[in-house]
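Summary of structural features
For reference, the chains in residue letters:
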Protein chains: 2
Amino acid sequence: MLLGHNVIGFDLSAEGAELFQVFSTLHGSQLPEQFHIATAEEVNKAIEKAKSAFPVYSKTSFTERAVFLEAIADSILEVGDILLERANQESGLPLARLTGERDRTMNQLRLFASLLREGSWADAVIDTALPDRKPLPRADLRRISQPVGPVAVFAASNFPLAFSTAGGDTASALAAGCPVIVKAHSAHAGTNELVAKAIQAAAKKTGMPDGVFSSLNGEGSTLGQQLAAEPAIKAIGFTGSYRAGMALYATVTQKRKEPIPLYAEMSSINPVVLLPETLAQKVSETATNLAGSITLGVGQFCTNPGLLFTVQCNATDAFIESLAAALNAAAPGTMLNQTICKSYYADRSKTANLKGVQTIVAGNDLSAEYKATPALLKVSAADFITNPALQDEVFGPTSLVVVCADRQELETALQTLHGQLTGSVFGTADEILRYTSVTDILQQKVGRLIFNAVPTGVEVCHAMVHGGPFPATTDARTTSVGTEAIRRFVRPVCYQDCPPALLPVYLRNENEAGIMRKVNGTLTREPIV
Amino acid sequence: MLLGHNVIGFDLSAEGAELFQVFSTLHGSQLPEQFHIATAEEVNKAIEKAKSAFPVYSKTSFTERAVFLEAIADSILEVGDILLERANQESGLPLARLTGERDRTMNQLRLFASLLREGSWADAVIDTALPDRKPLPRADLRRISQPVGPVAVFAASNFPLAFSTAGGDTASALAAGCPVIVKAHSAHAGTNELVAKAIQAAAKKTGMPDGVFSSLNGEGSTLGQQLAAEPAIKAIGFTGSYRAGMALYATVTQKRKEPIPLYAEMSSINPVVLLPETLAQKVSETATNLAGSITLGVGQFCTNPGLLFTVQCNATDAFIESLAAALNAAAPGTMLNQTICKSYYADRSKTANLKGVQTIVAGNDLSAEYKATPALLKVSAADFITNPALQDEVFGPTSLVVVCADRQELETALQTLHGQLTGSVFGTADEILRYTSVTDILQQKVGRLIFNAVPTGVEVCHAMVHGGPFPATTDARTTSVGTEAIRRFVRPVCYQDCPPALLPVYLRNENEAGIMRKVNGTLTREPIV
């Protein structure tokens, strides 16, 4: 049952008089449950608990954290179908998609658990003492990754499970040894409450310290700004709009004394380059494939393909026609929330009215029903190159075809691109080898370079990079999906001539956990004898 | 011969009419050679060359870069004793120290070369395709670290060789595959010119692209601000004062659209905790040891021990007396430059005049001779805890003893500490095991935790962390000394279903270089068959 609680460590708290309800775009009305906005005192309580939990939680073994993460996965499953039903009502996402998203959420918790059990992620490095070295002896130096401190996680609207309360940011921060304070997304506050209580139960069950996890409700930007400016917060994970991400960036860099890492995943339009030979050979297949990707999840994915580059050839018109037909045939879909739906039509119109833009497809404005219809726009590369506004993200099922006169113009257009999560190239085997200048340019702009596949579908694995140069993210050095995400929340600490009993166990000679370590420059799992 | 040139890629350039000379604190006069301040056009030319060099240099093999770094080391040695003599005149540092620093500079270039040849640093990760997986197949995903782009390096006054033109920042950025533009330090412009030309010669000799390296002269902050705001610069390495570092931070975060990593190593006072048993047993040894560290290099090290914590015991007074005697006996030393010398006496007075501070030793003000005399100040922990100004760095041979009434007060004092490069604990074996709460607190504050040794002396190796929480640095996730420094200048890129011919060679099935890779979650050097 939903009680509108904030989860503050091991407590449930509803002290605030300010309440809000969630609007369901599926029903076109507010859901009855009321949620308490966290008061300043409640926020401070969560902060104090996270601070107290840190020295304890940061010293838990990797295995203890793995057990905690696995308990969270189990605990989420135990919530049962009520979780999927609530998420469906709050987000408008279909049950089948949410079932898959719940699997993904549990799988990524378990993936981090397996990463922890394996242990090599912590980058243990040992240079043993050289007491007889001339002119100076060398001390014994041992380094390992240590957690940075309490982390604030901002839940994302478009993944109420996998990028929210127990999503990738929370999983990776907890795996790293950092207490987490989640800023719940107000558009799915009920889903948040169910998951937050599941995490709380798992923390109690596995003996984690009070304050290892909290979840707070807030509307607008007040709570987020408060967390971003809070000195005890040592890193932030965020997925959302460019505007909100850059507001956080301004706060982090100007309103706090100590700089901290801000991992904001924001705006990406995911360029897709369609080389001429492949387009000519597979007009209809390519169009169907792209239409599916453009409309998947009603276009509400970070990796939605918003930009399609073609090089003028015989097949271009046929392709555009075929893609237009496929998009016209796609059913309108319910969007996540009112704000996103309103922005979708506004941003789509804005782009459609820019110089040189031709509207090929634009379904009716169904914002009264909170539904999005797809759109296809077209512009010449000459216009694209000179107008950066054509790179503004339209969050939803709209894509812009950029028609390039020739390869040279394609390369110039790609050079003007802002940073992106992904870039895709469709081409025949021969063609791709002839267009290496194109893939070279694209590689400089993206976190993930894709060959002959659409950008939607982000595998949670070791090699994934879901990140990229600005404005895709504020920090291109990392990824928010996959095991590498754990590195966002650690810093290296070196121990010099440290007594074995005080060393982190992973740095002791015995290497009981058998992790991969770099010992005197050589990677090995062997103990030091 | 010194011609006052800027080194711009493969060109030497002296277009500016603005000239400056270097003041030698050793001679107490200006050295005759004149240096041309880079004009805006020359800066732009260096930027354009770095941009052009990047696509070529970023694709060089690790081995090619290793050959380049080794050629730089050889080339620096070939400059001969003139380099040491010039550095001596410009910095006032003794020839013996500079000879060691040149060795260190060459050794760190060679260490990065060996890291490159070994190859595992690049974090190659491969998840192979699972075409038959249900419900969805998995694509082939391969990730590796790629260089971020052109890097600006700010030379440091206190290491004219090892942290300057061809120092650790330059070596690690070049190793990562990034072109470098050095902002020469105006206090050792001649040393810079000799080294910059040596790097230029090495780049030509080993077939590197024009623009892989430039070095520009500037006085004051104009050039640095210009580089920090320049869109083409993708990361910055800086070692210097808190004030200068934070000015760069303001520019990077507020004057440029795209956030970039700023690695500023700034202010650290390197607390040393002296536990009572060890102090009682080794009064004179500890005092001699610390006096040596405080006065080493005339106190002009980032890791100079500026703060000594004692717990009131019988030995405290004897220790302070012994340390005072050792410092009084130390000869005054020539400081690096006029600004540093002026600041030293000003900052020392400022601290000495703060509430509760007692001056134990304060040698005469020898600023007319550009020499520093050591000082020893003392304050109660009660005063220290309530006054953050007592944590302001005094750059030079001055240390402040903080006398704690008991263990509780020691812990409270340590809790108030700002972030530090290092923290040291001196204690007997038994004592250290009883004081784990102290080392736990200290570990949260530092990049390197040291047992029974002074903080000066930073080993260049794999396990070193020369970094730490703010204000020691602006980014605690890294180190500026040791091989891990290379990670500052890369970002991960993922290749999805990439044809083998387009994959970076280190990600191809064959694993020709035999590097350690994570393949489907397992670390291995085996090829994929």
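Structure report, in brief. Residue positions are given per chain, counted from 1 along the sequence in the order it is written. Written order decides the labels, with chains lettered from A and ligands numbered from 1. Under the rules for a predicted model, residues below a pLDDT of 70 receive no local features and side-chain atom pairs below 80 are neither given nor counted, while totals for whole chains, interfaces and linings still include all residues. Derived side-chain values reflect all non-hydrogen atoms in the structure, with water molecules and hydrogen atoms excluded from consideration.

**Points about the interface of chain A and chain B**
- Any two residues having at least one pair of non-hydrogen atoms within 4.5 Å are treated as being in contact. Contacts between the two partners involve 73 residues from chain A, matched on the other side by 73 residues from chain B.
- Note: buried area is the sum, over both parts, of the accessible area (probe 1.4 Å) each one loses when the two are combined. When chain A packs against chain B, close to 6,200 Å² is buried across both sides, 56% of that on carbon and sulfur atoms.
- When residues of chain A are sorted by the area they lose upon contact with chain B, Arg477(A), Arg491(A) and Gln496(A) head the list and together hold 12% of the total.
- Two N or O atoms count as a polar contact when they lie within 3.5 Å, although within protein this holds only if one can serve as hydrogen donor and the other as acceptor, and sequence-adjacent residues are included solely when both atoms are side-chain atoms. Inspection of the chain A/chain B interface yields 36 residue pairs in polar contact (both at pLDDT 80 or more).
- The set of elements that each furnish at least two residues to the side of chain A that touches chain B consists of strand S7 (124-127), strand S8 (141-147), helix H8 (242-254), helix H15 (429-434), helix H16 (436-445), strand S22 (446-451) and strand S23 (490-496) of chain A.
- When residues of the side of chain A that touches chain B are assigned to their parent elements, the largest contribution, seven residues, is made by S23(A).
- Amino acid classes used here: Ala, Val, Leu, Ile, Met, Phe, Trp, Tyr, Cys and Pro are nonpolar; Asp, Glu, Lys and Arg are charged; the rest, including Gly, are polar. In terms of residue class, the side of chain A that touches chain B is built from 36 nonpolar, 16 polar and 21 charged.
- Here a strand pair is declared whenever DSSP counts at least two bridges between the two strands. Secondary structure follows DSSP: runs of H or I at least 4 residues long count as helices, runs of E at least 2 residues long count as strands, and numbering of each begins at the N terminus. Pairing between S23(A) and strand S22 (residues 446-451) of chain B: three bridges, direction parallel.

**A short note on the pattern of salt bridges**
- Here, a salt bridge means any side-chain nitrogen of Lys or Arg that lies within 4 Å of a carboxyl oxygen of Asp or Glu. Summed over all chains, the structure comprises 52 salt bridges over all chains.
- One salt bridge in this structure joins Arg488(A) and Asp169(A), with 2.8 Å as the shortest N-O distance. Here the residue Arg488(A) occupies a position in the loop between S22 and S23, and Asp169(A) occupies one in helix H5 (residues 168-176), the gap between them amounting to 319 residues. Summarising the burial analysis for this pair, Arg488(A) and Asp169(A) share the class buried.
- Through salt bridges that share partners, Asp123(A), Arg143(A), Glu484(A), Arg487(A), Asp123(B), Arg143(B), Glu484(B) and Arg487(B) make up one connected network. Accessibility here uses a 1.4 Å probe with only protein chains present; expressed as a share of the type maximum, an area under 20% marks a residue as buried, one over 50% as exposed, and anything in between as partly exposed.

**Thoughts on the relation of the copies chain A and chain B**
- Here chain A sits on chain B after a turn of 180 degrees about the axis and a move of 0.0 Å along it, with an RMSD of 0.0 Å. Here the copies are linked by what is in effect a two-fold axis. The C-alpha atom lying nearest the rotation axis in chain A is that of Thr253(A); the distance is 3.2 Å.
- By residue overlap, the copies meet face to face through one surface: 100% of the interface positions of chain A are interface positions in chain B. All copies are superposed by least squares; the fitting set is the C-alpha atoms of residues with a pLDDT of at least 70 in both.

**Details of the pairing of strand S15 (residues 307-311) of chain A**
All names here are of chain A.
- Most of S15 sits out of view: five of its five residues are buried.
- Across the two faces of S15 the burial is the same, with Leu 307, Phe 309 and Val 311 and Leu 308 and Thr 310 all buried.
- Summarising the sheet, strand S14 (residues 271-274) and S15 pair through four bridges and their orientation is parallel. Within S15, the residue paired with Val 272 across the bridge is Leu 308.

**Examining H5(A)**
- Buried residues dominate H5(A), accounting for nine of its nine residues.
- Turning to H5(A), its buried residues number three or more, namely Gly168(A), Asp169(A), Thr170(A), Ala171(A), Ser172(A), Ala173(A), Leu174(A), Ala175(A) and Ala176(A).

**Notes on the packing of helix H3 (residues 81-91) of chain B against helix H6 (residues 189-205) of chain B**
Residues and elements named next belong to chain B.
- Convention adopted: a line fitted to C-alpha atoms gives each axis, helices being fitted over their contacting stretch, and angles between N-to-C directions are expressed from 0 to 180 degrees. Two numbers describe how H3 lies on H6: the axes approach to 8 Å, and their chain directions differ by 155 degrees. If you check the angle between H3 and H6, you find them roughly antiparallel. Judged by the sense of rotation from one axis to the other, the crossing of H3 with H6 is left-handed. On the side of H3, the interface is formed by Ile 82, Leu 83, Arg 86, Ala 87 and Glu 90, while H6 contributes Ala 189, Gly 190, Thr 191, Leu 194 and Val 195.
- Grouping the amino acids of the contact of H3 with H6 by side-chain chemistry returns six nonpolar, two polar and two charged. By the definition adopted for this analysis, an angle is roughly parallel if under 35 degrees, roughly antiparallel if over 145, roughly perpendicular if from 65 to 115, and oblique otherwise. The crossing is said to be left-handed when, going from far helix to near helix, the turn is anticlockwise and less than a right angle, and right-handed when the turn is clockwise.

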